[in-house]
Amino acid sequence: MRISSNLFFETGLRTINLQQSDLMHRYQQVGTGRRMITPADDPLAAAQTINIAQSQSLNLRYAENRQVAKTQLGTQENTLDSVTTLLQGIKTRLVEAGNGTLSDADRGVLANVLENAKDNLMGLANATDGNGQYLFSGHSGSRPPFISDAFGAVSYQGDEGRRLIQVDQTRQLDSADNGLDIFTKAAPGARDYITHAANGNQGTGIIGKPVISDPKGQYVGAKFELSFTQAGDGSMEYSVTVRDAGDYVLSGPSAPVTYDPETETLALPGGVQVAFSGVPADGDAFSIEPVFVTDPFISAQQSAPGTEGTAVLGEPSVTDPVGEYMGKRVDVVFQNTGTPQYQLTVDGDTGPWVNYTDPGPGGVLDLGGGLEVEFEGVPGDGYAFSVEPVEPSTNLNVFDALDDIITSLKTPVQGDPAAYANYQNVLASAMQRIDVNFDQVQTVVSSVGTRLSEIDAIDANSSVRELSYAQDLSRLEDVDYYEAIAQLQLRTAALEAASMAFKKIQATSMFNLKG
């Protein structure tokens, strides 16, 4: 086989170029400290590196989000600590206001103190974070959550939006609570009652703190209305009306019961009793309202009487706390033109007609969306009922409670037993409401602490993941310097050998071999 001189030269040059390219690659590895200069060096490792780098980047982003959440929650915690201290001071002043030896002038001084406390509380409720956003206004961070009108009445103008921050791949946390929950609602699980006396009361009756005497009582969670009337013999009698959260009458008015001025408590139907003293006048009225509801939904017939047929409507119940119909009103209407059917309207959206079958005694009608209602019998054509979500009707706005007691403190009561009794009733109601507000603030503070602890736990896990990501990336990307330097020396020697071989071949000639 004959080999041309041209093939000699091309082969030698190609060998030298390959050795130079390989040597340059080793130089780049040693110089950059990276094993993979291009994805072609290790396609599988390159793909794995991209995935790990993305996970690492997300982990760093979540860490930054957690820092934002910690700052927001820390600011809220400090603000609520100040609110707690302020409410404790207000409670102390209310105890002082109950001192029977205070003059009208003394009560006026206390009124001024509470007015200043209200202004301070308003400032804390409208606190901002480091970015100028209002802490407690929900999604409406650019406007103050609480405003006062020309008469000094304070109302909430924020929304109930949750400021959720993604603190981990599968976890979101509230970075701030809204003022409506903090300053106008009771803590979840609260089982308190608030008393009120009618404005026009003329007697000296003073209503005290209610107590649940039977936690399983029939009307625990219902509203009670006390009405006093004067009997023909001059004695006082009272009757009780029981209403649910939708203001529908559950019981009463009851038969009149003779009132004993020596009594200390009045037993209300269904598991509640209330402290009571003094002598009420004819027409005096009092209410005992819960800050909670035992049933989140109520049902009521909406059609005219006579359309019921044999239908019996009972109480609704929740089958799925996160169901589609939670917090929505459901209207049910029946038609009976041979085959009974019913139709649902949920918050204004009307569904199709559905055939109805009597579930029989003790049966339930499944409305879907996490709701069912006790129902039996066959209703007549046009029968309709509704199932409505309810919340406690008791006004727990802390600013309204302060306004009530401030107004009462400014009203002269010396020498007027009836006025003093009204003052004591307003004071008792205000103290009960402030207690509920204080408990709610403490509940929110506890919740903030829990969220901060959770962030710390997530931070710890994130640090472990970050270390794992760094180790995996180092294993895939970083060069082994011992191996790389050895390969560099090997390729240098190979390049020198290829160059010498080419030089030797280049010098080879038939003329040089002749003779």
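Residue numbering note: each chain is counted from 1, following its sequence as written. With the structure being a predicted model, the display of local features is reserved for residues of pLDDT at least 70 and the display and counting of side-chain atom pairs for 80 or more, all residues being used for whole-chain, interface and lining totals. Side-chain numbers come from the whole structure's heavy atoms, not from hydrogens or water.

Some points on the overall build of the protein chain
- Numbering goes from the N terminus for both helices and strands, where a helix is a DSSP run of H or I of at least four residues and a strand is a run of E of at least two. Looking only at helices and strands, the protein chain features eight helices and 21 strands.
- Note on exposure labels: buried denotes an accessible area under 20% of the residue type's maximum, exposed denotes more than 50%, and partly exposed covers the range between, all computed with a 1.4 Å probe on protein chains only. Relative to its full complement of 515 residues, the protein chain shows a buried share of 40%.
- Intrachain contacts of the protein chain at a sequence separation of at least 6 include 67% that bridge at least 24 residues.
- Total accessible area on the protein chain stands at roughly 26,900 Å², and carbon and sulfur atoms take up 52% of it. Any pair of residues with heavy atoms lying within 4.5 Å of one another is described as a contacting pair. Using a 1.4 Å probe, the Shrake-Rupley method yields the accessible areas, and only the shown protein chains count as cover for residues.

Details of the pairing of strand β13 (residues 285–290)
- A large share of β13 lies buried, amounting to five of its six residues.
- Where strand β5 (residues 193–197) meets β13, five bridges bridge the pair, whose relative direction is antiparallel. Across the sheet, residue His-196 finds its bridge partner in β13, namely Ser-287. For two strands to be treated as a pair, DSSP must find no fewer than two bridges joining them.

Focus: the packing of helix α3 (residues 104–125) against helix α5 (residues 398–410)
- Two elements in contact, α3 and α5, have axes whose closest approach is 8 Å; the angle formed by their N-to-C orientations is 165°. In terms of axis orientation, α3 runs roughly antiparallel to α5. Two packed elements cross with a definite hand, and for α3 against α5 that hand is left-handed. Contacts from Arg-107, Gly-108, Leu-110, Ala-111, Leu-114, Glu-115, Lys-118, Leu-121, Met-122 and Ala-125 of α3 reach α5 at Val-398, Phe-399, Leu-402, Asp-403, Ile-405, Ile-406, Leu-409 and Lys-410.
- Tallied by class, residues from the contact of α3 with α5 come to 12 nonpolar, one polar and five charged. To obtain an axis, a line is fitted to C-alpha atoms, over the contacting stretch when the element is a helix, and the angle between two such axes runs from 0 to 180 degrees between their N-to-C directions. Angles below 35 degrees are treated as roughly parallel, those above 145 as roughly antiparallel, those between 65 and 115 as roughly perpendicular, and all remaining angles as oblique. The handedness criterion is simple: a crossing whose near helix is rotated anticlockwise from the far helix by less than a right angle is left-handed, and one whose near helix is rotated clockwise is right-handed. The nonpolar class holds Ala, Val, Leu, Ile, Met, Phe, Trp, Tyr, Cys and Pro. Asp, Glu, Lys and Arg form the charged class, and all remaining residues, Gly among them, are polar.

Structural notes on the environment of Gly-100
- You can see Gly-100 is positioned in the loop between α2 (43–97) and α3.
- Put simply, Gly-100 and Tyr-420 are 320 residues apart on the chain and 9.4 Å apart in space, counted from C-alpha to C-alpha.

Concerning the sheet that holds strand β12 (residues 272–277)
- The sheet built from three strands is open, its strands ordered β6-β12-β11 with antiparallel pairing. Only two strands of the sheet have a single neighbouring strand rather than two, namely β6 (206–212) and β11 (265–268). Across the sheet, the axes of successive neighbouring strands diverge by a mean angle of 25°, strand direction being ignored.

Considerations on the sheet that holds strand β20 (residues 371–376)
- Spatial strand order, β15-β20-β19: three strands in an open sheet with antiparallel pairing. Here the strands that pair on one side only, and so sit at the sheet edges, are β15 (312–318) and β19 (364–368). Strand-to-strand twist in this sheet, taken as the mean axis angle between neighbours without regard to direction, amounts to 25°.

Considerations on the layout of surface pockets
- One number sums up the size of the largest pocket: a volume of about 450 Å³.
- Around the largest pocket, the lining comprises 17 residues; the ones closest to its centre are Lys-185, Ala-186, Val-291, Glu-391 and Pro-392.
- Each residue belonging to the lining of the largest pocket can be placed in one class, and the counts come to 10 nonpolar, three polar and four charged.
- The volume enclosed by the second largest pocket comes to roughly 370 Å³.
- Looking at the lining of the second largest pocket residue by residue, the class counts come to six nonpolar, eight polar and two charged. Think of a 1 Å grid over the protein atoms and nothing else: a 1.4 Å probe that fits but is trapped marks a cavity, an open set flanked by protein within 12 Å on at least five of seven lines marks a pocket, and residues with an atom within 4 Å of a point count as lining. Grid points are joined across faces, edges and corners, and a volume is the space filled by probe spheres set on the points.

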